[in-house]
Amino acid sequence: MTAKLYCFGESGNAYKAALAMALTGYDWQPVYVDFFNGGARSPEFQALNEMAEVPVLVDGGQTLTQSAVILLHIAERTGQLMAEDRAEMLRWMFWDAQKGSGQQGPLRFLMNFLPEDKRAAQAISWLSGRTMAALATLERHLTGRDWMVGDAPSLADMSCCGYLFYTEPFGFDRKAFPAIDAWLARIAQLPGWQHPYDLMPGNPSDRA
Ligand SMILES: N[C@@H](CCC(=O)N[C@@H](CS)C(=O)NCC(=O)O)C(=O)O
């Protein structure tokens, strides 16, 4: 049965799952969540995910939330994108959930999607410092290696790249991070790769 990914184009956390499914040839379809009009806070959505967060994957009889859990499910089902060194792969996925996507997502939201009069300067400044430090960590790790773990793409790459293909500004300039830049180019060369706005419904231009 075709799996359903509850998602929206601007969601880097949903993109991780969508990208993994696109690269592995998973049988899936997107279900649009109207996040910017409260879609993730509706009683219907919260019945699906009590955490009121996107993404959610409904696959057969299972309802899965948290992008890392969904990624593991896809790798276990397909036998693809699972690094040989599972602990190292999980280490980077946990890191990403807190220091990578966990900060990039809110920062990008604050800087681009909140009404201008609600963009708290102090929160942006604090999150920017944390985000830049985490990007420096990622840059150091990727210097001299092609993939996050071992010599092939894995869930760690899906996770850590979640927000880095978007062009809405949040202080990440690819040119300033050559190892990240080259790694993103390698990911974009993988057969089946698509940009988040091509893979999932919803785009900032819808609200322009
Ligand atoms: N740790 C979660 C984070 C999910 C998340 O923060 N999703 C955002 C959209 S990208 C969301 O639904 N946020 C709602 C909120 O924070 O109220 C994951 O990896 O799935």
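Every residue gets a number counted from 1 within its own chain, in the order that chain's sequence is written. Where totals are concerned, whole chains, interfaces and linings use all residues; where local detail is concerned, this predicted model gives features only for residues with pLDDT of at least 70, and gives and counts side-chain atom pairs only at 80 or more.

Chemist: Got a minute to help me understand the packing of helix α5 (residues 101-113) against helix α6 (residues 121-142) in this structure?
Modeler: Working note: a packed helix pair is described by the angle between its axes plus the distance between those axes. Two elements in contact, α5 and α6, have axes separated by 9 Å at closest approach and are oriented at 140°. In this view, α5 runs oblique relative to α6, as classed from their interaxial angle. Between α5 and α6 the crossing geometry is left-handed. Along the contact surface, α5 presents Gln103, Gln104, Pro106, Leu107, Leu110 and Met111, while α6 presents Ala123, Ile124, Leu127, Ser128, Arg130, Thr131 and Ala134. Note on residue categories: nonpolar means Ala, Val, Leu, Ile, Met, Phe, Trp, Tyr, Cys or Pro, charged means Asp, Glu, Lys or Arg, and polar means any other residue, Gly included. Classifying every residue of the contact of α5 with α6 gives eight nonpolar, four polar and one charged. Simply put, an axis is a line fit to the C-alpha atoms, just over the touching stretch for a helix, and the angle between two N-to-C directions goes from 0 to 180 degrees. In DSSP terms, a helix is any run of H or I states spanning at least four residues, a strand is any run of E spanning at least two, and both are numbered starting from the N terminus. Our angle categories are set so that under 35 degrees counts as roughly parallel, over 145 as roughly antiparallel, 65 to 115 as roughly perpendicular, and the remainder as oblique. Crossings are classed by handedness, with left-handed meaning an anticlockwise turn of the near helix from the far one by less than a right angle and right-handed meaning a clockwise turn. Each residue is represented by a C-beta atom placed from its backbone, and any two residues with such atoms within 7 Å are regarded as in contact.

Chemist: What should I look at first to understand the sheet that holds strand β3 (residues 56-59) in this one?
Modeler: Where strands meet in a sheet, backbone hydrogen bonds hold them as pairs that are either parallel or antiparallel. Here, strands pair whenever DSSP counts at least two bridges between them. One open sheet accounts for four strands, arranged β2-β1-β3-β4; its pairing is mixed. Strand pairing shows two members of the sheet lacking a second neighbour, β2 (28-32) and β4 (62-65), which therefore form its edges. Taken pair by pair, the neighbouring strands of this sheet meet at an average axis angle of 20°, ignoring direction. Sheet topology places strand β1 (residues 3-7) next to β3; three bridges connect them, and they run antiparallel.

Chemist: Just to check I follow, could you spell out the environment of tyrosine 6 for this structure?
Modeler: Relative to the assigned elements, tyrosine 6 resides in strand β1. In this view, tyrosine 6 contacts Val31, Val33, Leu48, Val54, Pro55 and Val56; residues no more than four positions away in its chain are not counted.

Chemist: Looking at this model, I keep getting lost on helix α1 (residues 12-24). Mind explaining?
Modeler: Residues spaced three or four apart along an α-helix face the same direction, because each turn holds 3.6 residues. Multiplying one less than the number of residues by 1.5 Å gives the expected span of a helix. Taking 1.5 Å of rise per residue, 13 residues should cover 18 Å, and α1 covers 18 Å from first to last C-alpha, within 8% of that figure. Of all 13 residues making up α1, eleven are buried, and the element is well covered by its neighbours. Among all positions in α1, only Gly12, Asn13, Ala14, Tyr15, Lys16, Ala17, Ala18, Leu19, Ala20, Met21 and Leu23 are buried. With C-beta atoms placed from the backbone, a residue counts as buried when 20 or more other C-beta atoms lie within 10 Å of its own, as exposed when 12 or fewer do, and as partly exposed for counts between those limits.

Chemist: What should I look at first to understand the domain arrangement of the protein chain in this one?
Modeler: Where each domain starts and ends comes from a domain assignment, either automatic or drawn from a database. Segmenting the protein chain into domains produces domain 1 (3-81 + 193-207) and domain 2 (86-189). The C-alpha centroid of domain 2 is placed 19 Å from the C-alpha centroid of domain 1. Each side of the interface is counted separately: domain 1 has 17 residues, and domain 2 has 18 residues. With six residues, α1 is the largest single contributor of residues to the side of domain 1 that touches domain 2.

Chemist: Sorry, what's going on with unusual backbone geometry here?
Modeler: Geometrically, the link from valine 54 to proline 55 is a cis peptide bond, its omega value of 10° lying close to zero. Along the chain, the position of proline 55 falls in the loop between α2 (43-48) and β3. Here glutamine 66, not a glycine, exhibits a phi torsion of approximately 80°, which is positive. Structurally, glutamine 66 is set in the loop between β4 and α3 (67-78).

Chemist: Could you clarify how one ought to interpret the pairing of β3 in this entry?
Modeler: Put simply, side chains in a regular strand alternate between the two faces of the sheet. Here four bridges tie β3 to β4, and the two strands are oriented antiparallel to one another. Each bridged residue has a counterpart across the sheet, and for aspartate 59 the counterpart in β4 is glutamine 62. Count of turn residues in the β3/β4 antiparallel hairpin: two residues, of which glycine 60 carries a positive phi of about 60°.

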